[in-house]
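A closer look at the structure
Residue-level listing of the chains:
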Amino acid sequence: MEWIRKLSEGHERLKHKIHNTRFPIKDKRLFMLAQVGYFVVPIVGGCMVMNWTGAAQRADDMNDPVKRAQLLRKYGVVEENNDIDKPLTESVS
């Protein structure tokens, strides 16, 4: 089990080296580009994952009253007002 300890120590050294490495960016435009990249990449990546998994389509389906009722029945969710069979305009009035 000595090799596991050595592997763990090597991994910790690698993490320490990676996380403590700094590259100063002196050009302001390049710095702003890097900041925008750090902001935009997770948002775009999250949208891509939502589209890949179909979560965006399910979220859109929850806005359509008929598809919402079908999804709620499919997953066994019961709403408190029990008006899921009525169109949205009738249940509001």
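Now for a description of the structure that goes with this document. (Residues numbered from 1 in each chain as written. Predicted model: local features only at pLDDT ≥ 70, side-chain atom pairs only at ≥ 80, totals over all residues. Heavy atoms only, no water.)

**Things to note about the overall build of the protein chain**
Helix and strand counts for the protein chain stand at 5 helices and 0 strands. Of the roughly 8,700 Å² of accessible surface on the protein chain, a fraction of 63% belongs to carbon and sulfur atoms. (Helix = DSSP H or I, 4+ residues; strand = E, 2+ residues; numbered from the N terminus. Areas by Shrake-Rupley, 256 points an atom, 1.4 Å probe, with all protein chains shown as cover.)

**What about helix H4 (residues 65-74)?**
Turning to H4, its buried residues number three or more, namely Ala69, Leu71 and Leu72. Taken end-on, H4 shows its buried residues confined to a sector of 165°, consistent with a single buried face. Facing away from the buried surface of H4 by more than 90 degrees, the exposed residues are Val66 and Lys74. Packing partners of the buried residues in H4 comprise helix H3 (55-61). In the stretch just after H4, Gly76 is the one whose phi turns positive, near 75°. (Buried < 20%, exposed > 50% of the residue type's maximum accessible area, 1.4 Å probe, protein only. Arc of directions from axis to C-beta. Contact = heavy atoms within 4.5 Å.)

**Observations concerning a nonpolar patch on the surface**
Taken together, the side chains of Val36, Phe39, Val40, Ile43, Val44 and Met48 make up a nonpolar region of the molecular surface, amounting to roughly 560 Å² of accessible area. Looking at the element boundaries, Val44 is found in helix H2 (residues 28-53). (Patch = residues over 30% accessible without salt bridge, like charges linked within 9 Å, V, L, I, M, F, W, Y side chains within 5 Å. Salt bridge = Lys/Arg side-chain N within 4 Å of Asp/Glu carboxyl O.)

**Notes on the pattern of salt bridges**
Per the stated rule, a full pass over the model turns up 3 salt bridges. The partner of Glu9 in a salt bridge is Arg5, with the nearest N and O atoms 2.7 Å apart. Linking Glu9 with Arg5, this pair stays in helix H1 (residues 2-19), spanning 4 residues, or about one helical turn. Across the pair Glu12 and Lys15 runs a salt bridge whose closest N-O atoms are separated by 3.1 Å. One end of the pair, Glu12, and the other, Lys15, are both in helix H1, 3 residues apart, so they sit about a helical turn from each other. For Lys15, a relative accessible area of 35% puts it in the partly exposed group. Salt bridges linked by common partners bring Glu2, Arg5 and Glu9 together as one network.

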